[in-house]
Every structure is written in C-alpha cells, then in structure tokens.
Amino acid sequence: MATWIYVKTQRNGYVSLCDPMFHFHLVRRFSLWSMKKDPDLEAALHRNRRWVVNNQIKNIIMRCPDQVASVKYLQKKFKTLDLQGKALNWLKKYPCCFEVYLENDEYYCGMTKRMMFLTQEEESVKDMQEPLYADRLAKLLMMTRDQRLNVMKLNELRRNFGFPDDYLLRIVPKYPQIFRVVNHTGRRSSMEIELTAWNPDLAISAIEKMAKKDGREPCFPCSLPPTWVKSLERFEDFNSTPYISPYSGFDGLVEGSKEMDKRTVGLVHELLSLTLWKKASIFKLGHFRRELCLPEKLNVFLLKHPGIFYVSNRYQIYTVLLREAYNGSELIEKDPLFVVKEKFGELMQEGLHEYNRRHYLLNLEKKRNRGMIMPKPEKRRNQSDETSEQDKEGGDLGGIFDPEERKRCPTKKSLEDELKESVRISSFLSLLIYLFQVKIGYF
C-alpha cells in the first residue's frame with residue numbers, strides 16, 4: 001500500500017511531498033536564501049527593531065503642536081509603523097521615553113525630560129555634522145550613472161545615511177556649488193538631486209583608504225572562519241583580480257563580466273560603509289538598480305560573497321550587513337549620531353525593564369488576593385540529618401532511596417518507553433526518505 005504525504009502551501013493549496021515540483025521549489029528556495037546564521041549579527045539586527053519603531057513615534061510627536069500628540073492620532077499611524085494592537089499599551093511599555101496622561105477624557109502622549117534632552121543632543125550633533133552629510137550625499141551621487149538621484153528613492157534610505165528628514169531644506173541649499181534640485185515634469189515624484197561639481201578628494205572608497213593607510217594594494221578583507229574552506233577558496237579567487245573603484249565609472253564594463261561583478265561588490269561595500277549601522281535593506285537598495293547598475297537579483301548576487309556580506313531574513317526583511325564592520329554584535333566604528341541613538345536605545349530598554357517589573361508585581365498581588373499563591377511549606381530537614389538518623393537506627397536501605405541516585409538511574413519502564421519512541425521516529429523518517437527517493441528516481 002502506497003503512502004502519500006501532502007504539505008500545505010500558501011499559494012497552491014496542498015502539494016505532495018513526493019511531487020517533483022515540491023523538490024524543485026525546495027531546492028530553489030534554499031539556493032536563494034541558504035546562508036548560515038551568525039548569532040552575533042542576528043543579535044545586532046534584533047537590537048535595532050524596537051528602536052526603529054520608537055524613533056518613528058518620536059518623530060511623529062515632534063511634528064505635532066507643542067510636541068504633544070493624542071493617542072487616537074498615534075493609533076491611526078500604527079499601520080504605517082507595521083504595528084498591531086493598541087497604541088496606549090505600547091506607549092506605557094516605555095515610561096522613560098513617553099509620558100501618557102488623561103485630559104478631558106482623552107489620552108495624550110508627550111516626551112519625558114530625559115527623552116527631550118536626548119532629542120536636543122541629536123539635533124546638535126546633526127548641526128555639527130552638516131558638512132559630513134554634504135560629503136556623504138556627494139559621494140552617493142558620484143557613484144551613480146548620471147550623477148543624479150530621485151528624491152523619492154533617496155528618502156527611503158535617508159535615515160540609514162544619517163540625513164535629517166528636512167535635508168532638502170537644511171543641507172542642499174547651503175551648497176549650491178555642489179548640488180542642484182531639478183524637476184523636468186513638475187511632479188513631486190520626478191524631483192531629482194543633481195551633482196554640479198566633481199570633487200576628486202571624495203572619489204576615494206573605504207577600501208582604498210584602508211589600503212593607503214596600511215601601505216598595500218586595495219583588496220577586500222575576509223571575515224570568515226577557517227572552517228569555511230570552499231567559501232575561502234572562492235573568495236581568494238575573486239580577490240586575486242584588481243580592485244575596481246565604485247567612483248571609476250562604467251566605461252568599458254560589460255554587464256555580467258567579472259570586472260562588472262568586481263565593481264558591483266565594491267559599490268555595495270562603499271554604500272554600506274556610508275551608512276550609520278553598516279547595513280541596509282536589500283529591497284530598498286533594489287530601488288537604485290538603474291542608477292547604480294545593480295544586478296536584477298541582488299539578493300542572489302550578495303549570497304555569492306559571504307566573506308564580505310552577511311545576508312539575513314530576520315523579521316522577513318532581507319538585510320545585508322558588512323561583516324568587517326562588526327566585532328561580534330558590536331559596531332567597531334560608531335558615528336557620533338549613532339552614539340546618541342544608542343543612548344536612546346538604553347533609555348528605552350530601561351523603561352521596558354521598569355514596566356515589566358511593575359507589571360509582574362501587580363500580577364503577583366492579584367494572585368495573592370485571589371488566594372492562588374499558597375504559603376510555602378516548611379523546609380525539609382537536611383539530607384545529612386536524615387542519613388545520620390538512619391545510621392543510628394541501623395537502617396541502611398541502599399542507594400535506591402536517595403533522590404539523586406534515582407535521577408541517575410531511571411527505571412526500566414522509562415528506558416523501554418524511550419527506546420520504543422526512538423524506534424518509532426526513526427522508522428517514520430526512513431519511510432519518508434525512501435518514498436521521496438523513489439519518486440525522484442534515485443533508485
């Protein structure tokens with residue numbers, strides 16, 4: 001009798017495990033996203049998740065009159081923040097960051113004094129670093145094909161590069177000799193920033209700076225363990241060819257050639273080097289495919305270079321990180337703006353810890369009032385006292401009455417049950433493997 005096993009899928013309903021199409025999709029999916037997880041880099045991504053959401057809430061409150069927003073208004077914005085549930089419950093989790101109060105039967109939210117202080121410090125850092133942001137924006141434009149970028153696309157990554165939300169009014173007008181805003185159709189979606197003057201001092205990548213400092217030829221560093229033998233061999237073969245700067249232009253480069261691949265790796269490396277966290281969303285980088293001449297399947301391309309990039313799909317958001325920029329889960333070189341944002345994360349974590357502690361004590365008090373928590377029984381006498389009494393009475397009954405001995409030596413019945421369970425599981429797995437191999441024609 002043949003046994004058929006079906007797997008439920010989201011799009012096509014039920015598919016047989018022995019169906020060749022299931023094998024094709026399985027192999028294809030793992031070939032696209034088959035990178036070994038790095039716990040340290042995954043922890044670095046996890047640390048930034050809550051901070052991003054609360055930073056967006058902070059920006060919404062700052063744009064409101066008197067920097068106070070109603071909770072109803074924030075609730076409407078929750079969908080854009082990719083959050084579910086009640087906004088009031090979320091805000092109460094961070095009492096060190098947000099101040100919630102009731103006025104005229106309606107809840108309002110503002111920022112605490114400590115939060116306001118960090119916000120002012122962040123604004124002062126942005127004012128001090130305006131020349132650096134101008135250079136960073138110029139370097140981005142210098143890497144493009146036509147030395148221009150669409151404003152709508154650039155807004156998707158402006159916070160990754162540390163640009164303020166009002167950079168079009170705050171930075172661009174101060175440097176008319178470098179930037180120019182053009183709009184040929186008059187529509188907002190077609191507004192572009194154009195580079196008007198090429199600065200050769202800025203056309204030096206992070207790889208070239210590092211090589212000049214060490215007195216060697218520019219090449220990519222590798223951050224893989226020595227056990228990754230095949231990946232290391234492929235990296236050495238890739239790194240043996242000359243380095244191509246992302247500021248060198250596209251003349252003489254053919255799409256799909258080794259030289260073009262070398263330039264694309266250098267371009268993505270330079271882009272990530274300019275960001276605050278040395279990481280970016282692969283989906284958002286794909287918006288610049290035409291301007292930066294990126295490959296159509298950027299995710300597959302980046303997976304071919306695990307010694308330089310780390311690709312993660314945490315939270316179903318595919319992100320690429322620069323391996324060399326991290327020591328474990330900590331960033332090596334921290335931008336001054338990143339340091340301020342890190343303080344904000346510590347304040348947020350402090351408030352969350354305070355909320356969890358208060359919530360735990362409140363639930364504990366409720367259980368005590370309901371009588372759900374029984375008083376603790378009296379402590380048993382020490383085992384040494386019991387042993388001494390047995391020795392006095394002459395009752396040496398052997399080690400089977402010792403609880404520790406019983407833990408080390410389980411009963412015969414429990415051993416038989418574990419053996420039967422392991423045999424049952426191994427038989428089922430063997431059947432699955434056999435049916436799968438027969439269907440794909442292995443035998």
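- Per an unreviewed UniProt entry, the protein goes by PORR domain-containing protein and derives from Solanum verrucosum.

### Considering the side chain of T112
Logical step 1: Looking at where T112 falls in the secondary structure, it is placed in the loop between β5 (106-111) and α5 (113-128).
Logical step 2: Non-local contacts of T112, meaning those with residues more than four positions away in its chain, are made with P95, C96, C97, F98 and E99.

### A closer look at α5
Logical step 1: For α5, built from 16 residues, the straight-helix expectation of 22 Å at 1.5 Å per residue is met to within 8% by its first-to-last C-alpha distance of 23 Å.
Logical step 2: For α5, the complete set of buried residues consists of M115, L118, T119, E122, V125 and K126. End-on view of α5: buried residues confined to an arc of 120°, all on one side of the axis. Facing away from the buried side of α5, by more than 90 degrees, are the exposed residues K113, F117, Q120 and M128.

### So, the environment of L224
Logical step 1: By secondary structure assignment, the location of L224 is in the loop between α9 (206-214) and α10 (229-239).
Logical step 2: L224 gets classed as buried once you look at its relative accessible area, which sits at 13%.
Logical step 3: Distance in space between the C-alpha atoms of L224 and P306 is 7.7 Å, their sequence separation being 82 residues.

### Points about the packing of aromatic side chains
Logical step 1: Tallying each qualifying case throughout the model produces eight aromatic pairs.
Logical step 2: A network of ring pairs unites the aromatic residues Y133, F161, F163 and Y167 as a single cluster.
Logical step 3: Lying over the aromatic face of F238, K262 brings its terminal NZ or CZ to 4.4 Å of the ring centre.

### What to know about unusual backbone geometry
Logical step 1: Notably, D66 is not glycine yet its phi reads approximately 60°, a positive angle.
Logical step 2: Relative to the helices and strands, D66 resides in the loop between α2 (39-62) and β3 (69-70).
Logical step 3: In this structure, K278 is a non-glycine residue whose phi angle is positive, near 55°.
Logical step 4: Tracing the sequence through the fold places K278 in the loop between α11 (258-274) and β9 (279-281).

So, how was this worked out
- Position numbers for residues count from 1 along each chain, tracking the sequence in the order it is written.
- With pLDDT at 70 or above as the cut-off, local features in this predicted model cover only qualifying residues; side-chain atom pairs require 80 or more to be listed or tallied, and sums for whole chains, interfaces and linings still use all residues.
- Think of the side-chain values as coming from all heavy atoms in the structure, minus any hydrogens and water.
- Helical segments are the DSSP runs of H or I of at least four residues, strand segments are the runs of E of at least two, and each set is numbered from the N terminus.
- The contact criterion used throughout is that any non-hydrogen atoms of two residues lie within 4.5 Å.
- Here a helix's expected span is defined as the number of its residues, less one, multiplied by 1.5 Å.
- Remark: exposure states derive from per-residue accessible area (1.4 Å probe, protein chains only) relative to the maximum for the residue type, with buried under 20%, exposed over 50%, and partly exposed in between.
- What the arc covers is the set of directions going from the helix axis to the C-beta atoms.
- We call Phe, Tyr and Trp rings a pair once their centres come within 6.5 Å, taking the six-membered ring for Trp, and we label the pair stacked below 30 degrees between planes, edge-to-face above 60, and tilted otherwise.
- Any Lys NZ or Arg CZ found within 6 Å of a ring centre and within 35 degrees of that ring's normal is scored as a charge over the ring.

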